[in-house]
Amino acid sequence: MSETSIGADDAVATVRAWEALDSRGTPTLGCSVVLAGGAAGRAIVPSGASTGSHDARERRDGGQSWDGLGVAGAVRVVIEEIGPALAGVPAREVDAVLESWDPSTDLAELGVHAALGVSVAAHRARARAAGVPLYELLAGGLPHRLPTPMVNVVSGGAHAGGAVDIQDVLVMPLRAGSFRTAIEWAWRVRRQAAALAERRGLVTTLVADEGGLGLQLPSNAAALGLVTEAIEAAGLEPGHDAALAVDVAANQLWDGSSYRLAAESRRLDAAGLIDELAGWVAKYPVVSIEDPLHDQDWDGWAEATRRLRGTQLVGDDLFSTAADRVAEAARRGVGTSVLIKPNQRGILSRAAETVATARRLGYQVVVSARSGDTEDHWLADLAVGWRADQIKVGSTTRSERTAKWNRLLEIEASCAPDLRFVT
Ligand code: PGA
Ligand code: ZN
């Protein structure tokens, strides 16, 4: 095959898009990219509920169709504008075209659905054309690496009708030795947590957006206590074999003047919330806290980073997967870990730049799904290809969650023994 025809095979031939539904039943966008040589890739775009003020924008239709939540406008942009503009463009240049199309950091012009759908589908088509899995294309020759799972056990906040205030209490296996064992441990902890809650007369049949138990508990600390007990009941040593991670999702608690813990009828200022978190770390085996304060409070975050030294502090809304915000945090000595949600940026190359910046500045990388996710599992390949330290996709129930765990289990089974598990 001549050089020219290899190039031609790699060029975008057809781009399709359609409306789809995410796991909350909210409309989203599906997309496929077919290259001239016949290789194809597809993707469905997820969506969050606890979004930050710096996230890239979703463009929804408004009007009557789908009660205003439709993305027919984004579908039309992909079919009528992006597709024709990409025709004949080498697949590896798709992200660059999208970036120059909409250089704004919030993607106000293209919107997340159109940009991320096309970006992920084009990456998959490239991998298919190269005859490699997506994670291998993204790894760029570096050895494979599987992330530690953070598994949602008890859900609260915007994902569980405010059952407790904090959004997630997760279990993190620390010494599992393999990804498969890590998932089995987390599965055991979730089962034990459900059994303990049931014995206490709590309703456990209804699960939250990410598959966690949405329990009516008397306090946030009670959720931490329950998951700690569940670790023990699973035959594991809390703090040694498995530990707790918390996503406070503090943006959701902040009302403009204080943090409202509705489940406990309390209001706290930043110093009070940091005291509360320090108390949890002292009492329970908490090794990681996400979004302890809202995303505008750099000073509060700096104080939390000093007070909670030794605990991983993950920025989700704070960073919005934006490289410049990670650089700002490094200058201010804020946080230790960056949550990577690709649709906070909307184009994979931008999220990849944030991963690289995080690494360069000494931050851990945690790849995350969204609360409104789909059966598509491209995120698992991103986590392996980008060599993430941890991955957070929800619980061990609900197919949009297990799709990612199942893909990681498949990757581990097909790559061993040349695969390193992170902890
Ligand atoms: P979201 O939640 O997808 O609703 O933003 C996930 C998270 O906060 O980590
Ligand atoms: Zn979060």
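Quick caveat: nothing in here was measured; it's all calculated off a predicted structure.

Criteria and cut-off values
Residues numbered from 1 in each chain as written. Chains lettered and ligands numbered in written order. Predicted model: local features only at pLDDT ≥ 70, side-chain atom pairs only at ≥ 80, totals over all residues. Heavy atoms only, no water. Helix = DSSP H or I, 4+ residues; strand = E, 2+ residues; numbered from the N terminus. Expected span 1.5 Å × (residues − 1). Buried < 20%, exposed > 50% of the residue type's maximum accessible area, 1.4 Å probe, protein only. Contact = heavy atoms within 4.5 Å. 1 Å grid on protein atoms, 1.4 Å probe; cavity = no way out; pocket = protein on both sides within 12 Å on 5 of 7 lines; lining within 4 Å. Points joined across faces, edges and corners; volume = space filled by probe spheres on them. Nonpolar A, V, L, I, M, F, W, Y, C, P; charged D, E, K, R; others polar. Donors = N, O, S within 2.8 Å, 3.2 Å for Na, K, Ca; no water. Domains from an automatic or database assignment. Buried area = accessible area lost by both parts, 1.4 Å probe. Salt bridge = Lys/Arg side-chain N within 4 Å of Asp/Glu carboxyl O. Polar contact = N/O pair within 3.5 Å; in protein donor to acceptor, adjacent residues only side chain to side chain. Near = heavy atom within 4 Å. Areas by Shrake-Rupley, 256 points an atom, 1.4 Å probe, with all protein chains shown as cover. Sits in = over half its atoms within 2 Å of the grid points.

### Concerning helix α8 (residues 270–283)
Right, so step 1: Spanning 14 residues, α8 covers 20 Å between terminal C-alpha atoms, matching the ideal 20 Å at 1.5 Å per step.
Right, so step 2: Of the positions making up α8, those classed as buried are Gly 272, Leu 273, Ile 274, Glu 276, Leu 277, Ala 278 and Trp 280.
Right, so step 3: Buried-residue contacts for α8 involve α7 (220–233), β7 (242–247), β8 (259–261), β9 (266–268), β10 (286–290) and α9 (298–307).

### Looking at empty space enclosed by the protein
Space left empty within the atom packing is revealed by a probe, the size of a water molecule, rolled over the atoms.
Right, so step 1: Within the structure shown, the criterion is met by 3 cavities of 30 Å³ or more.
Right, so step 2: Estimates place the volume of the largest cavity at around 80 Å³.
Right, so step 3: Ser 50, His 159, Gln 167, Glu 210 and Lys 341 are the residues nearest the centre of the largest cavity, which is lined by 15 residues in total.
Right, so step 4: For the lining of the largest cavity, a count of residues per class yields 2 nonpolar, 6 polar and 7 charged.

### Points about the coordination of the zinc ion (ligand 2)
Right, so step 1: Protein coordination at the zinc ion (ligand 2): the donors are Asp 247 (OD), Glu 290 (OE) and Asp 316 (OD), at 2.1 to 2.2 Å from the metal.
Right, so step 2: Look at where the donors of the zinc ion (ligand 2) fall in the sequence and you get D-x42-E-x25-D. With Asp 247 in strand β7 and Glu 290 in strand β10, this pair connects stretches of sequence that are 43 residues apart.

### Concerning the domain arrangement of the protein chain
Right, so step 1: Domain assignment breaks the protein chain into domain 1 (2–131) and domain 2 (139–421).
Right, so step 2: Here the C-alpha centre of domain 2 lies 27 Å away from the C-alpha centre of domain 1.
Right, so step 3: Contacts between the two partners involve 34 residues from domain 1, matched on the other side by 32 residues from domain 2.
Right, so step 4: In total, domain 1 and domain 2 occlude about 2800 Å² of area from one another, counting both sides; carbon and sulfur atoms represent 46% of this.
Right, so step 5: Area buried by domain 1 at its contact with domain 2 is led by Ser 23, Ser 50 and His 54, which between them contribute 23% of it.
Right, so step 6: Viewed at the interface, domain 2 and domain 1 are joined by 3 salt bridges.
Right, so step 7: Its salt-bridge partner being Arg 124, residue Asp 376 comes within 2.9 Å of it at the nearest N-O pair.
Right, so step 8: Scanning the region where domain 1 abuts domain 2 turns up 26 residue pairs in polar contact (both at pLDDT 80 or more).
Right, so step 9: Per-element tally for the side of domain 1 that touches domain 2: the top contributor is helix α4 (residues 112–130), with 7 residues.
Right, so step 10: For the side of domain 1 that touches domain 2, the per-class residue count stands at 14 nonpolar, 12 polar and 8 charged.

### Some remarks on the site of ligand 1
Right, so step 1: Inspection of the region around ligand 1 gives 14 residues, with Ala 49, Gln 167, Arg 370, Ser 371 and Lys 392 positioned closest.
Right, so step 2: A distance of 2.9 Å separates an oxygen atom of ligand 1 from a polar atom in the side chain of Lys 341.
Right, so step 3: Within the side chain of Ser 371, one N or O atom sits 2.6 Å away from an oxygen atom of ligand 1.
Right, so step 4: In isolation ligand 1 exposes 280 Å². Once the protein is present, 99% of that is buried.
Right, so step 5: For ligand 1, the cavity whose grid points lie within 2 Å of the majority of its atoms is the largest cavity.
Right, so step 6: Class assignment of the residues belonging to the shell around ligand 1 gives a composition of 2 nonpolar, 5 polar and 7 charged.
Right, so step 7: Shared between two domains, the shell around ligand 1 holds at least three residues of each, these being domain 1 (2–131) and domain 2 (139–421).

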